[in-house]
Structure formats: structure tokens, C-alpha cells
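Letter by letter, the chains look like this.
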Amino acid sequence: MARFLPALHSTGSAPAGGKRGETASRSFVRLAFWRLRRSWGLLAITALGLLVAVTLLCTVPLYSALTLSLGLQDTFRSHPQSANILVQSNAEQLSASGLAHASALLDREFQRLLGSYLSTASLTITTPFVPLVDPDTEAVSGSEVQLVAKPAASLAAHASLLAGRFPQAQLSSSSASVLEIALSSQEASLLKARPGSTFIAQFAYVKIPIERVVRNVTLQVTGIFSAEADPVFWQGATFTAVPRSASSGQQLGLQSTFLTTSESLLSLFDRFSQQIHGLSLEEPFSLSWLYHLDPQKVKISDLGLLFTNIGRVESDILNNPALHMPPLIENLQVSVPSDALYEFSDQVSIATIPLFSLVTLVLSLVLFFVGVMTNLLIERQREAVALLRSRGASRLQVAGMFLVQALLLTLLALIGGPLLAFGLVISLSRVLLPGSELVTQQLLLSEPLQTLLSLGGYALVASLVGLLTMALTIAGATRSDVLTLRREAARASQTPLWQRLQLDMVAALLMLPGYGVALYLTRSDVLDARTRLILLAPLTLVGAVFLTVSLLLLLMRLLPIIIDVAAHLTARQRGLAPLLALTQMARAPRQSLRMSLLLALATACLLFTQVLLASQVQRSDDSSAFQVGADISGALSQPHSPQDLAKLTATYQRLSGVLSASPGLATTLVGGSAQDISIALRAVDSGTFSRTAQWRRADSATSLSSLMQALVAARASALRTSVVPAIVDVNAARSLQLAPHKTFTLSTNDGRVSLAFMDVATVEAIPTITSASSPSDSVDADLPAGGVLVDYRTLVAVLQQQFQPELVTQVAPLNYVWLRTVDDGPQLTELRQQLSKGALALSPLLDRRALLSSLLHAPLYVDLVGVLTIGASSALLLAFFGSLMASWLNVRSRLTTFALLRALGGSPLQLAATLAWEQLLIFVFALTLGVGLGALFSWLTVPALVFTASSSTALTTLSPGALYVAQSMPPVQLAIPAWLPVLPALLLGLFLLALGMMMRTILRPALSQVLRVSED
């Protein structure tokens, strides 16, 4: 062995510094590879742990980018207007050169900031409605026409030609005022036109008030077309002919919209402008530049930059004096993409912080496993380490040997982690993300090398953290020599570093201000709903982590004392196996603590992640039921009189698939001392509402049927006192400062009707009413400050006692309906079609089942499921591997002790009983501690981590401000996974496997081999 050590203490002249360093480094490498042959198994397990850490940290951003890109594509697909930026202005004159100059300036601005995201840009010119002239009498006919001019090259892509051809870009005549047009099939039928027909439109130029010049333009029909459904491209033009409103009892003609090309229209009116100097169009034309963002070019990582650049483009255009050129360009306006993209970005911010906080916790557990395996690796070689130290090797040489091995493992993880993450994300996308092939191809497979390089930063961070973890472990474990080794093997005497630094007390002290800040910021009105929600998850996690760590370290401090007391108590009993087990654990508790801690943390992590996932599923179910209030609900297309209640109920109940129907009233009133607090009112039919609506435990602790019975029971008293009994939610009670059974007043917005209500019950939330918990949230989100539920029949009866029937019908019409339906798919499909059109249509149509399915397939939810599944399963598998290896090494280090027991007459059954007791105590303690920590951590953090998702494919969407408020309405409910009893069975299997390995280890070698004299 001495040949591996450099001659650093020779009596000759010392070698140069570079030579000495080179010799030392060679000795590190030679020692590392010499020990590699002896400990390759533990090195492989340690490498696996570090590889899992790097893979996990690389998988999270890559998988999140994939799922969020899918959500972004869904948003673009569901809201096509989100991909368009519209620049609009008015023009009192048309000039081809002036518009070309303005278009060039706009193109330059867009290309400078948004060029990498743009796909197409086009100019649309829309004329006002102008009169048509009778060609025979040359008098105004009474009909009007509007021209929509599009670039000639874009017509074929957005319209289907039915007859003739599309208008050409050039004018058919250089002198005549002839403009080619195309008509829709409906217009051609009403106007009895075909290709070759002509119309004469009259355009007027004026110079107020002294001059007016009229130009007649011959509109020549060249084709009949059908416009494709693309409201953004056509700017709302429907190309239909509709009758004009009657004037002085005389029916006027038709209003039509014709299609032409922007090139020919510009050429014609440019010619008019040159002929008529100083005159402007009597009615200005509308100019629209449409810039289309290519959704395939917008990555989720670019969303923030895209919003910034869109804002800069809008500001630059509006503040550019070169783009304000009256009379060519006036009243310039920029319409940015719809709120759908910003809402999606808000949802990402809601889920990203909790998601990466959870990943940090799981990654910490994996790195803890790496540290434990590194410690086991060193302990496996502690005899060799002690022998090296005793024969003159320095700590630097011994530590260098392990550091070389750690560097090799780090290099392996740094290279293999991104590759494994790449393959893992592709596999997950095929299983969890059906229909993601196109996005996967664009995001991952189109440029795989660039994708792998983008993960380099994550891989490097994880590798360096893992290397640092191993380096700290190595530094603390390479201090022993032969004497220390023998002493520690007999009885542990060294105090762990965390006990010397009092880290349990430090964690407890850090936990208190963390929770104090979290409670203050999240429960006060200092912050708005968005900021409060974003801070809630990390602050709650920080406080919970410090609390858990302090409790864990306190238990670790007390556990050796508990084991020692248990060993003394067991000594009084007759059984030998538990006494031997407890005595060994009391003499050297570090190994038992390490195994218990590893299993307990893995169990707690698994329990916590599964409770979080189960609670997220429950949250989606509760949220969909809360937003809809029943299986299906929605506002009636036309309000009905209160007398139609029974008739309307019977009409909806006769629909196929409807089990129960309950019409009612949904409106908003105002209350408070200054009548400035908005309160949402729901008036329902108590007789049908309890068997129709969907109320969950999160909405009210009292059953809905009991609440409805309370409203019915108070009806007689309400008719005597003219005070309507009401059920209020906690936000309304807080806003109106209500006490139980206190009377309050609500009025209509116009103040014509004012009614007294009495609080007969208070509930957490009233389904379909998303209300704000603070005044700032109400203003920011434009939400009511609370909700009130009353009986519709009682409300109408009290109103009829005080007001005229006409006013009652105006104030309390039947305008909403709740439906309970069957679960049959075909019947539901037919029912949804019936409720989407006709007299029974509901708008918007809210479907609980469709909304639930949409929420469970929302990108943020799928992202959470994938990441937590990967993290929890990785941590659990590594912990199981680590516990098995620790058990095996624990027995190998005590082979001499067990050999002595065998030599003294101990039977294999007695040895098995001793090991079984020892392992049983470790596993029971780990299970109890893991379940306790997991339950505590879940109770503290899950309500702050569960979020209310919103999918672009959902039938209902929340406003940006309401999205933040909806995270806590209704209150979050913890859900316990159904498979929880499987966890003890899983640990029992691991216990039996570990026991079998240990028995095989102690019974296999011969006694003579184990009891031979040590070579040192």
C-alpha cells in the first residue's frame, strides 16, 4: 500500500512545487482507482443518486416548458385574436404614396421589436356606408353599400370562390371610375346580381361649408364568394345584405358590404385626390394594419419579453410624430392582443413558484441521499482509511482520493443528466400529454443539441451542489485513525456538528419570524390579491421547512436518550434479542438515526406529494362545482316574469337528460352605510334548489337542504315584517359588518328599490359568487364584496307588498337556471346542443363536467402531476436503496460481533431475532416519524400550494383579478389519498428484504475467516 503514497518526507532536497503537486495529484488518482475496485457497488449507488439529482433538476424546466407551451398553443387556438395586433386610424384623403410611407414606418417598428414573432401583416381599408345610385334615374336609390378592401394576394386564402373570379389589384381602366368587386352568395341572391352586374356608388368630397363634390364609382361584379370563418381577418365584416330601418313610415333599401382589393381602391381614390385639391372625404375611411403573431414562434420563455416589446411598440407608434399625418392618418390607435395571453401568464406565475419550491424540497432530499451514500462509501472503507492514516497518509491525501471519485461521479452526472432528462420528458409527453407531438417536435426534437445545451446551467448547478455535498461529507469523515475507529466502534463519543451548532434551536428561531411575516402579509390588506398570492407559497414553505427541521433535529437529539432508557428497561425482561438490539443501538446510534431519517424523510415526501396531488384533484372538483353551482347552469337568453316560475321549471325538466331544474334570479345590489358596497344576490326556488344545486363541504358546513328549510320556515315571518331572510357568505358578513340574525339593507343601483334582509345563516361561500375578501381586491378584480342567497318566492312576495307589479318584474325577473342532469354521454351531448340555441339557450352555458375535465387537463395541472411524480418516486426509490445498503453495511461492520455470538452458541434464529428487533425499531420509528412529518407538513403547506387552474378550453373563464381571488374560493380542502394503507405494507416488504440480506451476510462467511487477527 505504501507504493501509492508520495515520498513527501524524504531526506533529500525537496522537489519543486510543481513537481510535488504533480506527484500528489498522481497519488490521488492512483489511490482513487485502487479503491474503486473494492467499492464499485457503493460508488454506483452514489452515482445513481447524483445522476437522479441532475436529471430531476433538468427535467423540471424542460417538462414545464413543454406543458406550458401546450397551454400557450391552446390559448392561441381558443382565442385567435390573441395572436393579432391591430393598428387603426381614419383617413379623410387617400394617397398611395402616403399610405406606403406609413406602412413602411409601421413595418419598421414591428420588425425591430417583434420581427422574430411575426408571420403576416396586411392593410384593410373600409369605407363608410355610401348611397347607391339608380342607373336609370341617376337618383339615390335608398340602398347603401360599404366596401371592404383587402390585399389581392390574401383573398384566396380566406374566401372560397363560388363563381367568376376575385377582383384584380389593378384598375380595369386608367380613366373610367370602375372598381371591381365580389359579392357573397347571400348578397348576390338578394340583389339579383351575378358576375358582370354593375352598381353605382356615390362618394362625396367636401370643403366645409362652401363646397361639396360627388364622385360616382361603378362597381363591377367579377365573382361570387363565401368568406371563411375568420372574424379577425375580416374585421367583423359579415358580407350580408340587410334591410335598412324605416324612415317616416317608408321602408328603405338594403345595406350591403362588398369586397374589393386595397390596391385598386387606393389607385382609384388616389386619382380622385389628384383631381380634387383641398377637399376631404365627407365620411372618413377606416384604415387597419393587422400584424399577426405566429404562435409556433412564441415560446413560453419569450412571453415576458413579448409583452414588453408589445408595450414598447404601442408606445413608439402612438408617440411617433411621423405617423400622425392629417388628413391621411388621424386618430391613430393600437389594439394589443386580448387579455387571454395575460391571463395565461398570470396562471403561470401562480403555479410556477409553488412548483419550483416543491422541486427544491425534493432535490434537497435527493442531495441528502447523496450525502448519506457518500458517508456510507467512506465508512465502507474506514478500515483502509484508518490504516492509511496510521501509516503516514495525510488527511489531504485521503480526502483527495475520495474527491477524485466524487469528481468522476459529478462528471458522469453532468453528462448523463441532461440526456436522461431529454429522454424522460419525451417519454412523459407521450404518456401524460396526448396530442403534444407537434409541440414536442418543435420544442425538443427540431434542435436537440440546442435543447441539451440550454439545460447545461441546471445540470452544472445540480452537479456543483452535489459535489459540494460530497466534499463536506468527505471533509468530516476523513478525520479518523485506527484508535478513533476502534473507540467509535465500541461506543460513539463524537457529538454531531448540528448539535454543537444548536441548529435545532436556530431553525426554531428562524421559523417564528418567517411565520409572522407570512401571516401579516397574507392576511392583511396591505398587499393586493396578486402579490399576496405570489408571496403566500414561498413564505409558507419557508416557515414550514424551518418548523419541520427544528422538530426533526429535536427528535434526533432526544432519540439516543430514549433508546438508552428503553435498553435499561429491556434489561429487566427475560428476552435477549430486544436487549441486544437496543444495546447496540444505544452504544452507536448514528447508523440507526441515519437509516431512520432517510426512510422517514422519503415517507414524508411521498405522503406530502400524494396529499398535494389528491388535494389538487379535489380542488378542481370543488372549483368546477363552485363556478357552475350545479351540473349545468347559465343565464337565460330572455328574462321571464316571476309568475312563470312553475311553467319555466316544468319546461326545463321536460328536456331529455334533465333530472331537476331550478330557475331563479342572479343580480347585484349595493349595501353598507353609504350604499357603495357591491353584493351579489342569488334568489332561488327553495323547493327545487336543494335537489338541483351542487354544494360541497367547502361551501358550507350545514347541508343545503337544512339551509333551504330555514328559508322556507322564515317565509311567514318575512311576509309580516317585510324583512327577507337571507343566507350570507363570510365576505358579505365582513363587508357589511353583520352579526347573526342582524338586519341589513340592500338597494338596486338606481336606488328605486330598497329592501331589508336578515342574516339567518352564514356560510363559507355561495356557489357561482366569487367575492373579494378585502376592499382592495374588490376594486382590482371588479368583484362583489360578498354574496347573499334568498328564497325567490319570499323575495317576490315582499316586493309585491311594497312596489308595483311592473317594477317587481323589472327588479326580480327570472334570469338564471340551475340544472341537475344524468351522466349519460349521448344524452348530455344532445342536451348541450339544445341549451346552446333556441328559446331555452343559456349564455354562457356552464357545464360542471366539461369544466372539471378541462381543469384536470390544464397544462399547469399536468405539469404539477408530472414533476411531483418524478420527484417523489425518485426520492422514494433512492431512500429504499439507501436503507438497504445501510443495513448491509451495518451488518458487515459488525461481522465480528455476530461471529462471537455464533461461537458462543447463538443460533441463527436468535441472530435473526436480534436483527429483526433492531430493524423493526428503525422501521417503526421511521414510519411514525415520516407519517407525522408528512401530515404536519401537508397541513401547513398544502392549502397554500393548491391552486385553481384555468384552461383556455374551459367553458368559463375568470377575469385576471378574479383569478387571484378564486384561489381561495371556496376554501381549499385537504384530501387523503386512498392508497395510504399501502405504505406500511411497502415498508414491511422492505423490512423483510433488508432482514434477509442481513441474515445472509452474517451466516455466509466461516467463523475462522471472520475471527482472524486483523492485519493492522
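Criteria and cut-off values
- Residues numbered from 1 in each chain as written.
- Predicted model: local features only at pLDDT ≥ 70, side-chain atom pairs only at ≥ 80, totals over all residues.
- Heavy atoms only, no water.
- Phe/Tyr/Trp six-rings, centres within 6.5 Å; stacked < 30°, edge-to-face > 60°.
- Helix = DSSP H or I, 4+ residues; strand = E, 2+ residues; numbered from the N terminus.
- Buried < 20%, exposed > 50% of the residue type's maximum accessible area, 1.4 Å probe, protein only.
- Patch = residues over 30% accessible without salt bridge, like charges linked within 9 Å, V, L, I, M, F, W, Y side chains within 5 Å.
- Areas by Shrake-Rupley, 256 points an atom, 1.4 Å probe, with all protein chains shown as cover.
- Salt bridge = Lys/Arg side-chain N within 4 Å of Asp/Glu carboxyl O.
- pLDDT = per-residue confidence, 0-100.
- Contact = heavy atoms within 4.5 Å.
- Axes fitted to C-alpha atoms, helices over the stretch in contact; angles between N-to-C directions.
- Parallel < 35°, antiparallel > 145°, perpendicular 65-115°, else oblique.
- Left-handed = near helix turned anticlockwise from the far one by under 90°.
- Nonpolar A, V, L, I, M, F, W, Y, C, P; charged D, E, K, R; others polar.

## A closer look at the packing of aromatic side chains
The geometry of two aromatic rings is summed up by the distance between their centres and the angle between their planes.
Then, in step 1: Within the structure shown, the criterion is met by 12 aromatic pairs.
Then, in step 2: Between Phe608 and Phe937, the aromatic rings sit 5.0 Å apart at their centres with planes inclined by 85 degrees, giving edge-to-face as the arrangement. Here Phe608 is found in helix 19 (residues 589-628), whereas its partner Phe937 is found in helix 32 (residues 908-945), with 329 residues between them in sequence. As far as the burial class goes, Phe608 and Phe937 line up, both buried.
Then, in step 3: With centroids separated by 5.7 Å and ring planes inclined at 20 degrees, the aromatic side chains of Phe744 and Phe757 adopt a geometry described as stacked. Here Phe757 lies in strand 19 (residues 754-763) and Phe744 lies in strand 18 (residues 743-747), a separation of 13 residues in the sequence. Per residue, the accessibility class of Phe744 equals that of Phe757, and both read buried.
Then, in step 4: Taken together, the ring pairs in this structure connect Phe203, Phe269, Phe272 and Phe285 into an aromatic cluster.

## As for a nonpolar patch on the surface
Then, in step 1: The grouping of Leu551, Leu554, Leu558, Ile561, Ile562 and Val565 at the surface amounts to a nonpolar patch, some 500 Å² of accessible area in total.
Then, in step 2: Looking at the element boundaries, Ile561 is found in helix 17 (residues 529-570).

## Considering unusual backbone geometry
Then, in step 1: Omega for the peptide link from Pro326 to Pro327 comes to 0 degrees, which places this bond in the cis form.
Then, in step 2: By the secondary structure assignment, Pro327 is in the loop between helix 7 (303-318) and strand 13 (330-335).
Then, in step 3: A cis amide bond links Ser843 to the next residue, Pro844, at an omega of 0 degrees.
Then, in step 4: With phi around 55 degrees, Gln737 is a residue other than glycine that occupies positive phi space.

## Side note on the confidence of the model for the protein
Do not read the predicted coordinates in detail wherever pLDDT is low.
Then, in step 1: Averaged over every residue, the pLDDT of the protein is 76; the share at 70 or more is 74%.
Then, in step 2: Note that residues 1-22 has pLDDT below 50 and, in this model, 20 contacts with residues that lie over four places away or in other chains.
Then, in step 3: Scored below 50 in pLDDT, residues 952-957 makes 17 contacts in the model with residues more than four places away or belonging to other chains.

## Comments concerning the packing of helix 3 (residues 96-114) against helix 7
Then, in step 1: At a minimum axis separation of 9 Å, helix 3 and helix 7 run at an interaxial angle of 155 degrees. One way to sum up the angle between helix 3 and helix 7 is to call them roughly antiparallel. Of the two possible hands of crossing, helix 3 and helix 7 adopt the one that is right-handed. Of the residues in helix 7, those touching helix 3 at Leu106, Glu109, Phe110, Arg112, Leu113 and Leu114 are Leu306, Asn309, Ile310, Arg312, Val313, Asp316 and Ile317.
Then, in step 2: For the contact of helix 3 with helix 7, a count of residues per class yields 8 nonpolar, 1 polar and 4 charged.

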